[in-house]
Amino acid sequence: MTLAFRDDSYLRSLDATVTVVDERGIRLDNTIFYPTGGGQPGDVGVLRRPGGDITIVDTIKGATPDEVIHVPAPGSALPAPGERVTAEIDWARRHRLMRMHTCLHLLCAVVPGAVTGGQISDGKGRLDFDVPGATLDKDEINTKLNALITADHEVVPRWITDEELASRPELVRTMSVKPPTGHGKVRLLDIAGVDLQPCGGTHVRRTGEIGKVAVGKIENKGKQNRRISLSFAD
Ligand SMILES: [Zn+2]
């Protein structure tokens, strides 16, 4: 299965062939639907076909990392393997998710401490940081975050082999998350000079595309954990 969204997160529609249909959902030979993972919700959208469009209400991962299952609305008429469909994601929603996802990378660059969790939903996002003893200044985080957005940094996903990563230990030092090696290659998200970390999600091309954001609550979640919530300002 090819995952076209990994190389181009701006694809809104794609022709594909149905490979498997079972009680979990529909598999295609190629897809632009992002499956729930890494704190980012799965895409919703539609599979267009002559026999009647199928509404996709969720996208999830299958047994292997590259297996994507499109979950049809309950009661949908299902396609047959071999059938051609045109897959269309709900682009307006996905773009908001991409903007917020990219913004969370910037938040990693602004707040010191390891990330212990995170979640993105439509229009909102949050990260948990392990910051022993530190007090976080909401206004300062807000100012720094929006400055990184306004600076319009380029956002570049790229693949690196396990060998290349091993030969460049300086890369690991700049990352807040240890990359998952052992699969031959690792996908990195690089915001030059700002943030570098392994990530399989979908992002915007430049930080300016995120738009103005507002830091909401900063909550204590356990002794050392601080949860920072963000939303779009306009
Ligand atoms: Zn990411």
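Just above, that's the structure.
Chains are numbered independently. Their residues run from 1 in the order of the written sequence. Under the rules for a predicted model, residues below a pLDDT of 70 receive no local features and side-chain atom pairs below 80 are neither given nor counted, while totals for whole chains, interfaces and linings still include all residues. Values reported for side chains reflect all heavy atoms of the structure, with hydrogen atoms and water molecules removed beforehand.

Draft legend 1. Quick look at the coordination of the zinc ion. Metal donors were taken as nitrogen, oxygen and sulfur atoms no farther than 2.8 Å from the ion, or 3.2 Å where the ion is Na, K or Ca. Water is excluded, so coordination may look unfinished. Those protein atoms acting as donors to the zinc ion are His101 (NE2), His105 (NE2), Cys199 (SG) and His203 (NE2), and they sit at 2.0 to 2.1 Å. Key to geometry: four donors with every angle between 85 and 135 degrees are tetrahedral; four donors are square planar and six octahedral where opposite donors lie over 155 degrees apart and all remaining angles lie between 65 and 115; all other sites are irregular. Around the zinc ion sit four donor atoms, and with donor-metal-donor angles ranging over 101 to 123 degrees the site reads as tetrahedral. For the zinc ion, all donor residues lie on one chain, and their spacing in sequence is H-x3-H-x93-C-x3-H. Of this pair, His105 sits in helix α1 (residues 91–110) while His203 sits in the loop between β13 (195–198) and β14 (213–220), and the two are 98 residues apart along the sequence. Judged on exposure class, the residue His105 and its partner His203 are both buried. Helix and strand assignments come from DSSP, with helices taken as H or I runs of at least 4 residues and strands as E runs of at least 2, each series counted from the N terminus. Whether a residue is buried, partly exposed or exposed follows from its accessible area with a 1.4 Å probe, protein chains only, as a fraction of its type maximum: under 20%, in between, or over 50%, in that order.

Draft legend 2. Here's a closer look at the packing of α1 against helix α2 (residues 138–150). Angular values range over 0 to 180 degrees, each being the angle between N-to-C directions of two axes fitted as lines to C-alpha atoms, with helices fitted over their stretch in contact. One way to put it is that α1 packs onto α2 with a least axis distance of 10 Å and a crossing angle of 125 degrees. When the axes of α1 and α2 are compared, the pair comes out oblique. For the pair α1 and α2, the sense of crossing is right-handed. Residues Cys103, Leu106, Leu107, Ala109 and Val110 of α1 form the contact with α2, whose participating residues are Ile141, Lys144, Leu145, Leu148 and Ile149. All amino acids are sorted into three groups, where Ala, Val, Leu, Ile, Met, Phe, Trp, Tyr, Cys and Pro are nonpolar, Asp, Glu, Lys and Arg are charged, and the leftover types, Gly among them, are polar. A breakdown of the residues in the contact of α1 with α2 according to their chemical character gives nine nonpolar, no polar and one charged. Reported orientations rely on four angle classes, namely roughly parallel under 35 degrees, roughly antiparallel over 145, roughly perpendicular from 65 to 115, and oblique for the rest. The handedness criterion is simple: a crossing whose near helix is rotated anticlockwise from the far helix by less than a right angle is left-handed, and one whose near helix is rotated clockwise is right-handed. In what follows, a contact means two residues having at least one pair of non-hydrogen atoms within 4.5 Å.

Draft legend 3. View of the sheet that holds strand β10 (residues 124–130). Following DSSP output, two strands are said to pair if at least two bridges run between them. Reading across the sheet, the four strands line up as β9-β10-β15-β14 and stay open at both edges, with antiparallel pairing between neighbours. The open sheet has two edge strands, β9 (114–121) and β14, and neither has a second partner. Sheet twist, expressed as the mean angle between neighbouring strand axes with direction ignored, is 20 degrees. The sheet contact formed by β9 and β10 spans seven bridges and is antiparallel. Bridge pairing links Val115 to Phe129 in β10. Set on the sheet, α2 makes contact with β14 and β15 (225–232); between it and β14 the angle comes to about 145 degrees.

Draft legend 4. Inspection of the environment of Ala109 at higher detail. Relative to the assigned elements, Ala109 resides in helix α1. What makes Ala109 partly exposed here is its relative accessible area of 36%. Measuring from C-alpha to C-alpha, the distance between Ala109 and Asp195 comes to 5.8 Å, with 86 residues separating the pair along the chain. Dropping the residues within four chain positions of it, Ala109 is found in contact with Leu148, Val194 and Asp195.

Draft legend 5. Seen up close, the packing of aromatic side chains. When two rings of Phe, Tyr or Trp (its six-membered ring) have centres within 6.5 Å they constitute a pair, described as stacked for plane angles under 30 degrees, edge-to-face for angles over 60, and tilted for the intermediate range. All chains considered together, the criterion is met by two aromatic pairs. Considering the side-chain rings of Phe5 and Tyr34, the 5.5 Å spacing of their centres and the 75 degrees angle between planes classify their relative orientation as edge-to-face. Here the residue Phe5 occupies a position in the loop between β1 (2–3) and β2 (13–22), and Tyr34 occupies one in the loop between β4 (30–31) and β5 (45–48), the gap between them amounting to 29 residues. The two residues Phe5 and Tyr34 agree in class, both being buried. A ring pair is formed by Tyr10 and Trp91, whose centres lie 5.8 Å apart and whose planes are at 45 degrees; its orientation type is tilted. Of the two residues, Tyr10 is situated in the loop between β1 and β2 and Trp91 in helix α1; the sequence distance between them amounts to 81 residues. For Tyr10, a relative accessible area of 15% corresponds to the buried category.

Draft legend 6. Main features of the pattern of salt bridges. We define a salt bridge as a contact between a side-chain nitrogen of Lys or Arg and a carboxyl oxygen of Asp or Glu at a distance within 4 Å. In this structure the tally under the stated criterion is 15 salt bridges. Here Asp43 and Arg94 are joined by a salt bridge, their closest N and O atoms 2.8 Å apart. With a gap of 51 residues between them, Asp43 in the loop between β4 and β5 and Arg94 in helix α1 connect regions that are remote in the sequence. In this structure, Glu83 engages Arg49 in a salt bridge whose closest nitrogen and oxygen atoms are separated by 2.7 Å. Of this pair, Glu83 sits in the loop between β7 (68–72) and β8 (84–89) while Arg49 is found in the loop between β5 and β6 (54–61), placing the two residues 34 residues apart along the sequence. For Glu83, a relative accessible area of 22% translates into the label partly exposed.

Draft legend 7. Region of the structure containing the side chain of Thr31. By the secondary structure assignment, Thr31 is in strand β4. Polar contacts involving the side chain of Thr31 include one to the main-chain amide nitrogen of Phe33, which spans 3.1 Å. What Thr31 contacts, discounting residues up to four positions off in sequence, is Met1, Thr2, Leu3, Ala4, Phe5, Leu14, Val68 and His70. Nitrogen and oxygen atoms within 3.5 Å of one another constitute a polar contact, given that in protein one can donate a hydrogen and the other can accept it, and given that sequence-neighbouring residues count only through two side-chain atoms.

Draft legend 8. Looking closely at the sheet that holds β13. The strand order across the open sheet built from three strands is β11-β12-β13, with neighbouring strands paired in antiparallel fashion. The open sheet is flanked by β11 (155–161) and β13, the only strands paired with a single partner. If you compare each strand with its neighbour and ignore which way they point, the axes differ by 25 degrees on average. Where β11 lies against strand β12 (residues 185–191), seven bridges are found, and the strand directions are antiparallel. Directly across from Val155, in β12, lies its bridge partner Ile191. Those strands touched by α1 are β11, β12 and β13, and its axis lies near 115 degrees from that of β13.

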